[in-house]
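Secondary and tertiary structure notes
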Amino acid sequence: MFLLAKDTVKFAVLVGLSAIFIDAVIAHGLFWDNDPYWTYWITKSFLITSVFLFGTAFLGIGIRPGLILTAVHTAILEIYYQ
């Protein structure tokens, strides 16, 4: 399924915000019990939103594209922080 340009942007922004919220609540709040610097949140917000924006534009939405884009985002973030 493919989206219009404005719907793709809305989708990517919602994914980015939702991912940051889940990351903050689950990973940092429950498991690691730490709060990284604010630059981490800014960097990760823009990264995940950008990956899902461009990825959704090319791949569309669905389980398979979502898994691919999540893997790409994770790889980029891991490479960036190493």
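What you are looking at is a predicted structure, and each value in this text was computed from that prediction instead of being measured.

The rules behind these values
Residues numbered from 1 in each chain as written. Predicted model: local features only at pLDDT ≥ 70, side-chain atom pairs only at ≥ 80, totals over all residues. Heavy atoms only, no water. Helix = DSSP H or I, 4+ residues; strand = E, 2+ residues; numbered from the N terminus. Buried < 20%, exposed > 50% of the residue type's maximum accessible area, 1.4 Å probe, protein only. Contact = heavy atoms within 4.5 Å. Patch = residues over 30% accessible without salt bridge, like charges linked within 9 Å, V, L, I, M, F, W, Y side chains within 5 Å. Areas by Shrake-Rupley, 256 points an atom, 1.4 Å probe, with all protein chains shown as cover. Salt bridge = Lys/Arg side-chain N within 4 Å of Asp/Glu carboxyl O. Core = buried A, V, L, I, M, F, W, Y, C linked by side-chain atoms within 4.5 Å.

**Here we look at the overall build of the protein chain**
Scanning the protein chain from terminus to terminus reveals 3 helices and 0 strands. Written out in order from the N terminus, the α and β elements of the protein chain read α-α-α. Out of the 82 residues belonging to the protein chain, those deemed buried represent 27%. Here the contacts in the protein chain between residues at least 6 apart in sequence split such that 60% fall between residues at least 24 apart.

**Some thoughts on the side chain of Lys44**
Structurally, Lys44 can be placed in helix H2 (residues 38-59). Each residue touching Lys44, except ones within four places of it in the same chain, is listed here: Ile20, Asp23, His73 and Leu77.

**Structural notes on a nonpolar patch on the surface**
Where nonpolar side chains cluster on the molecular surface, the patch consists of Phe54, Phe58, Leu59, Ile68, Val72 and Ile76 and spans about 580 Å² of accessible area. Breaking the nonpolar patch down by element, the ones donating at least two residues are H2 and helix H3 (63-81). The residue Phe54 is located in helix H2 in this model.

**As for the nonpolar core**
The biggest cluster of nonpolar side chains holds 8 residues, and these are Ala12, Val15, Leu47, Ile48, Val51, Phe52, Leu69 and Leu77. Elements with a contribution of two residues or more to this core: helix H1 (5-32), H2 and H3. Of all the elements, H2 adds the most residues to this core, at 4 residues. Here Ile48 is in contact with Gly16, Ala19 and His73, once residues within four sequence places are set aside.

**Some remarks on the environment of Thr8**
Counting through the fold element by element, Thr8 comes out in helix H1. Sequence-wise, Thr8 and Leu53 are 45 residues apart; in three dimensions their C-alpha atoms are separated by 6.4 Å.

The values are spatial; any link to function lies outside them.
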